[in-house]
Amino acid sequence: MRRQLALSLKTFGMLVVLLGLLPLAFTALPDPAVRPGGTLVVWAVLGVAAYPALVVIGRWYVVRAERVEGDTADRAGGDTADRAEGGRR
Amino acid sequence: MNQTYGIAAVSAAVVGTLVTGSAGLRISRTTSDFYVASRTVPPYLNAMAISGEYLSAASFLGIAGLVAAQGVEMLWFPVGYAAGYLVLLVFVAAPLRRSGAYTLPDFADARLESRAARRVAGVLVVGVGWLYLLPQLQGAGLTLGLVTGAPRWFGALLVAVVVTPAVAAGGMRGITFVQAFQYCLKVTALLVPAVFLLLAWHGDPRPAEALDEPPTFRRHTQVTVETTVRLRVETPLRAVATGAVDGRRHDGDRLSLDPGVHEVRAGTTLRFPAGTPVPEREPGDGRRAGASSWAAPLSGGRDDHPLYTTYGLIFATFLGTMGLPHVLVRFYTNPDGRAARHTTVIVLALVGGFYLLPPLYGLLGRIYAPDLLLTGTTDAAVLVLPERLVGGTLGDLLGALIAAGACAAFLSTASGLVLSVAGVLGQDLLPSPGVRHFRPATLLAVAVPVTVSVAAGELPVAHAVGLAFAVAASSFCPLLLLGIWWRGLTAPGAIAGLLTGGGSALTAVALTIAGPVTDGWPHTLLAWPAVWSVPLGFLTMILVSLATRDRIPPGTEAAMARLHLPEPPVPPNPPAGTRPPRSDHPMTIRRPGAGPRT
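Reading the values: the criteria
- Residues numbered from 1 in each chain as written.
- Chains lettered and ligands numbered in written order.
- Predicted model: local features only at pLDDT ≥ 70, side-chain atom pairs only at ≥ 80, totals over all residues.
- Heavy atoms only, no water.
- Contact = heavy atoms within 4.5 Å.
- Buried area = accessible area lost by both parts, 1.4 Å probe.
- Salt bridge = Lys/Arg side-chain N within 4 Å of Asp/Glu carboxyl O.
- Polar contact = N/O pair within 3.5 Å; in protein donor to acceptor, adjacent residues only side chain to side chain.
- Helix = DSSP H or I, 4+ residues; strand = E, 2+ residues; numbered from the N terminus.
- Nonpolar A, V, L, I, M, F, W, Y, C, P; charged D, E, K, R; others polar.
- Buried < 20%, exposed > 50% of the residue type's maximum accessible area, 1.4 Å probe, protein only.
- Phe/Tyr/Trp six-rings, centres within 6.5 Å; stacked < 30°, edge-to-face > 60°.
- Axes fitted to C-alpha atoms, helices over the stretch in contact; angles between N-to-C directions.
- Parallel < 35°, antiparallel > 145°, perpendicular 65-115°, else oblique.
- UniProt positions renumbered as here; feature names shortened; annotations may be inferred.

Asker: Mind laying out the interface of chain A and chain B, listing which residues take part and the relevant values?
Answerer: With 41 residues of chain A in contact, the opposing surface of chain B contributes 47 residues. Regarding the contact of chain A and chain B, the summed buried area is about 3,900 Å², with carbon and sulfur atoms giving 79% of it. Across the pair Glu66(A) and Arg338(B) runs a salt bridge whose closest N-O atoms are separated by 2.9 Å. Summed over the shared surface of chain A and chain B, the number is 5 residue pairs in polar contact (both at pLDDT 80 or more). Every element with two or more residues in the side of chain A that touches chain B is listed here: helix H1 (2-20), helix H2 (22-28), helix H3 (37-75) and helix H4 (80-88) of chain A. Looking at the side of chain A that touches chain B element by element, the count peaks at 19 residues for H3(A). When grouped by side-chain class, the residues that make up the side of chain A that touches chain B number 24 nonpolar, 12 polar and 5 charged.

So this is what it looks like as structure tokens:
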């Protein structure tokens with residue numbers, strides 16, 4: 001569970017870094033009145049690029065999470081009695 | 001818009017929904033065990049159902065309208081709606097499926113072993129559900145009004161008439177098929193017209209810079225304002241008016257509007273020659289709309305503190321998705337925790353794919369339907385674009401297709417919400433629970449928001465969705481995250497956190513809608529409560545839990561193990577959190593996640 005939590009937090013961190021900091025980054029863009037190119041960047045990032053990025057992060061997380069679960073199952077020796085024991089402890 | 005096509009399309013959407021629903025109903029009746037069948041629902045079908053339920057009128061109509069009115073900043077709404085699923089995937093999806101909880105109150109009860117926590121969660125679910133139903137009903141009124149010329153309240157009533165019997169009779173059965181069907185309908189309804197619109201835009205001899213400021217009427221345009229508006233005119237402009245402008249009657253005479261603010265009475269028709277810059281609409285309280293900064297990434301729409309506003313939106317949508325009552329229910333149809341994860345990733349892809357489309361409509365709406373900015377009905381942008389840009393029979397047909405999609409949008413979300421709210425009402429909040437009371441509960445679940453929607457007239461619709469998300473984020477997000485990941489959570493802590501977080505967000509919502517504070521930081525803080533109310537909810541929950549450490553529920557370790565250990569490959573019979581086979585309605589199951597403690 002601890003490893004799962006660490007993994008979840010790591011993934012969430014990626015999300016925060018990727019999307020959460022964007023508003024701050026946008027404030028640093030040049031004034032659109034001066035250079036209209038900045039606006040196009042915002043449209044491209046928010047309108048298109050964000051979604052594939054979300055799917056990729058999600059996919060990455062699922063693969064890692066299942067690896068962690070596989071390890072846990074191995075450690076339990078594949079013995080369901082062990083697991084039930086753990087559940088009742 | 002051609003009314004015949006429109007009525008036919010809306011009827012087709014309604015009939016299609018009912019037919020698919022009854023077909024699904026029959027299929028599931030002939031299956032020897034409906035719940036086993038439902039647990040073999042493959043992830044992609046399940047994901048389509050989740051997406052179908054999630055993409056509401058706010059997504060289908062509202063985003064394009066917001067983008068048209070307020071610009072690129074509003075793209076944060078769809079991004080947040082989609083990113084909410086990533087947060088849900090990372091923290092909640094698999095453990096929640098393993099918990100066996102069917103609703104949020106179920107989860108509170110199973111994890112904390114407290115009837116009181118269950119009841120508090122129930123009240124909040126009902127609150128969030130009703131808050132989220134309001135914009136659906138308004139979207140219905142808008143769509144049907146445009147398509148058939150019916151008055152606004154008619155749409156809300158139609159939704160009630162279609163949804164109530166469907167939910168009361170069938171409950172959750174067969175609904176997977178309906179929702180999946182509606183996802184396909186919604187994507188088609190935006191994708192196909194989008195292709196034609198893009199072609200028409202491409203063929204336009206003057207594909208004007210979309211980012212031009214201010215937008216101009218591209219051709220001779222006639223606008224009828226339904227409610228009295230105040231217009232800000234920057235450069236002198238000419239128009240032909242029939243009605244009252246600035247308190248003077250006009251009857252088809254020319255008038256020229258000098259720079260300044262002009263009041264146009266309800267019912268007035270204005271005709272503008274081509275090339276006229278669109279006058280800016282003053283919001284009722286005198287603050288300036290942010291049209292001049294439409295293209296700026298942080299224009300903040302009409303608020304004073306754009307960066308804060310953006311983060312308020314991010315907090316609410318990223319963290320609020322997991323607390324929406326109708327989202328959670330659907331995760332139960334996954335076979336196990338692993339499938340729940342896979343489903344969520346597919347949902348991310350499906351929802352993200354859908355959200356590529358509405359901003360395009362918003363952009364085109366700004367160019368080709370600027371009169372909507374003037375009347376303030378930008379939510380209609382999606383619906384009127386085919387007529388404006390393509391025209392003719394093809395335009396009418398495409399418009400009808402979009403109307404059908406919009407219809408699917410508010411029907412699917414509304415039925416999901418009504419189902420969840422009625423379930424909680426019938427099971428937890430009304431006296432003498434039981435399946436017999438599910439039907440009156442359904443009636444109550446529909447009646448309250450319909451009454452509010454009809455009585456209140458026009459609420460700020462898109463805003464109401466954001467507020468529903470904010471309340472969900474500041475009450476259920478702490479409950480779910482701490483409940484799943486922290487052993488120390490106690491029932492008193494959870495109740496205190498739910499009440500403080502959710503209560504403060506609800507209060508902020510009520511104050512925003514009632515509107516005593518209209519300016520400055522207090523207004524901004526109340527209008528975007530999530531930034532402070534989410535941490536408040538977390539903090540209260542943690543501190544009170546620490547103070548009541550002796551009240552940690554005895555079953556915590558077992559509950560944690562069940563949440564986090566993967567299911568065995570071949571589940572023992574019956575696996576933890578499985579619903580009993582064949583029960584008349586999912587809501588009849590009391591404490592489904594109680595497992596070893598019952």
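Asker: So what about the pattern of salt bridges? Which residues, and what values?
Answerer: All names here are of chain B. Summed over all chains, the structure comprises 5 salt bridges over all chains. For Asp 109, the salt bridge identified is with Arg 118, shortest N-O distance 2.7 Å. Assigned by exposure class, Asp 109 and Arg 118 land together as buried.

Asker: Describe in detail the packing of aromatic side chains, supporting the description with residues and values.
Answerer: Residue and element names in this part refer to chain B. Scanning all chains against the criterion turns up 11 aromatic pairs over all chains. Judged by centre distance (4.8 Å) and plane angle (85°), the rings of Tyr 54 and Tyr 85 are edge-to-face. With Tyr 54 in helix H3 (residues 43-54) and Tyr 85 in helix H5 (residues 76-99), this residue pair connects regions lying 31 residues apart in the sequence. Assessed through its relative accessible area of 2%, Tyr 54 is described here as buried. Between the aromatic rings of Tyr 132 and Phe 469, the centroid separation amounts to 5.9 Å while the plane-to-plane angle is 70°, which identifies the pairing as edge-to-face.

Asker: I'd like a description of the packing of H5(B) against helix H12 (residues 337-355) of chain B, backed by residues and values.
Answerer: All names here are of chain B. Taken N-terminus to C-terminus, the directions of H5 and H12 make an angle of 170°; their axes are 8 Å apart at the nearest point. Between H5 and H12, the angle falls in the class roughly antiparallel. Where H5 approaches H12, its residues Pro 78, Tyr 81, Ala 82, Tyr 85, Leu 86, Leu 88, Leu 89, Ala 93, Ala 94, Arg 97 and Arg 98 are matched on the opposing element by Gly 337, Arg 338, Ala 340, Arg 341, Thr 344, Val 345, Val 347, Leu 348, Val 351 and Tyr 355.

Asker: Which residues make up the UniProt feature "transmembrane region" (unreviewed entry) in chain A, and what are the values?
Answerer: Those places that UniProt annotates as "transmembrane region" (unreviewed entry) correspond, in this numbering, to residues 40-62 of chain A. Here residues 40-62 of chain A runs as 100% helix and 0% strand, with 33 Å between its end C-alpha atoms.

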